[in-house]
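Chain residues, written in single-letter form:
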Amino acid sequence: MKTNLLHTSLLTLLLIAAPTTQAQEATTEGNTPTQAISPATEIAPEETPADAADPLPALHTAAPAADAKARRKTSRKTAPAVEYSPGGMRIKRRFLPTRHRIDREINKNRFVYKGETMCGLTVSYGTLSTEDADMFPIFENIDLSGNITTVNPFVGYFYRDNRCIGVRFGYTHISGKLNSLGINLGEQNDLDIEIPWLDLTNDRFSFGLFHRSYVPLDEKGRFAVFGEIELSLSTGENVFAYQSGDSRKHTSSDNTTIKVWLNPGVAVYAFPNVCAAISFGLGGFRYTHINQYDQQGAKTGTREYSKMNFRLNIADIRIGLTIHLWNKKKGDRQ
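As a starting point, this report considers the structure included with it.

Basis of the calculations
- Residues numbered from 1 in each chain as written.
- Predicted model: local features only at pLDDT ≥ 70, side-chain atom pairs only at ≥ 80, totals over all residues.
- Heavy atoms only, no water.
- Helix = DSSP H or I, 4+ residues; strand = E, 2+ residues; numbered from the N terminus.
- Buried < 20%, exposed > 50% of the residue type's maximum accessible area, 1.4 Å probe, protein only.
- Contact = heavy atoms within 4.5 Å.
- Areas by Shrake-Rupley, 256 points an atom, 1.4 Å probe, with all protein chains shown as cover.
- Salt bridge = Lys/Arg side-chain N within 4 Å of Asp/Glu carboxyl O.

**Here's the deal with the overall build of the protein chain**
Along the protein chain, the regular secondary structure elements total 4 helices and 12 strands. For the protein chain, the proportion of its 334 residues judged to be buried stands at 22%. Within the protein chain, counting contacts between residues at least 6 apart in sequence, those at least 24 apart form 64% of the total. Surface summary for the protein chain: the accessible area is close to 24800 Å², and the carbon and sulfur share equals 59%.

Laid out in structure tokens, this is it:
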């Protein structure tokens, strides 16, 4: 019994020692033992040093804020000025201040068509008499008379619907005479002034450029209001005469005026190609240079002034007619 147990123990030791001896022999010969890998075993990635992983490290430099803003501005400038609708139509993008404006359809109707030529004449006339001075109670024994006459022929071309540019010529005559005038400020002030005789005459010629824009008031284009801006140059002569003692004397002056003026108005078609208009001088900027001369014609002084005012001038109300011409070979205006 003891012999059988001994033989069994020896056999077990031999079986255990045999693989170990083979492994040692394989190692001594330079062969590396292979290790069996089960399907569930995971192979860990081989670690490499940080320096060896990337011999040329990537450069990650953050761009300054100024460069980022410059790129954004450049992208906005280079962005196409067109947009596309869902249907594929090309739509031009407007400048930013007008992109979100409401379309009030001011230019929906037409009062004047593109390509038309207009020529017309405006005339204004005003008078001043003794009855107009009744509102001033301090004036006594007043006897005056005067008038203002203005004639302005003009011609214009409509470069687009309801818009035109043109030139205007003008002539203005002003005359006024004061035969007698007394000023009484009352017994308490003890001041009385008597002016025996005065006479004023002015003749002026002008040339100007204007731009006019119409806004129709009805669908058929019969009534419209318009706004006009005018740049004009005028020159003329004033003669002022007065009585000094028993003799009469006079002085004269020539003046040059440059002005930028606003003239709104109303227009209505009386006939298919004849339009009546009335305009009002609303004011603007004026610069005037005056040279003064005595009775012998010698220059006595120079004066210049400029002013800006915006108010309705009742002496600058113009009423006139305008004739519209168009190429009849191209068909009717409608």
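**Here we look at the environment of H324**
Turning to its location among the elements, H324 is positioned in strand 12 (residues 299-325). A C-alpha to C-alpha distance of 9.8 Å links H324 and Y113, two positions 211 residues apart in sequence. Once residues within four sequence positions are removed from consideration, H324 is found in contact with V112, E116, T117, M118, F158, Y269, N273 and C275.

**Side note on the environment of T150**
Looking at the element boundaries, T150 is found in strand 4 (residues 139-160). Along the chain, T150 and Y171 lie 21 residues apart, while their C-alpha atoms are 5.7 Å from each other. In this structure, T150 is in contact with T122, V123, S124, Y171 and T172, ignoring residues within four places of it in sequence.

**Examining the pattern of salt bridges**
Applying the stated rule across the entire model yields 4 salt bridges. Across the pair E230 and R168 runs a salt bridge whose closest N-O atoms are separated by 3.5 Å. With E230 in strand 8 (residues 223-244) and R168 in strand 5 (residues 163-184), the pair connects residues that are 62 residues apart, well separated along the chain. Across the pair, R168 and E230 agree in class, each one buried. Notably, a salt bridge pairs E228 with R212, separated by 2.6 Å at the nearest N-O pair. Of this pair, E228 sits in strand 8 while R212 is found in strand 7 (residues 198-216), placing the two residues 16 residues apart along the sequence. In this pair, the class of E228 matches that of R212, namely buried. Taken together, the shared-partner salt bridges connect R168, R212, E228 and E230 into one network.

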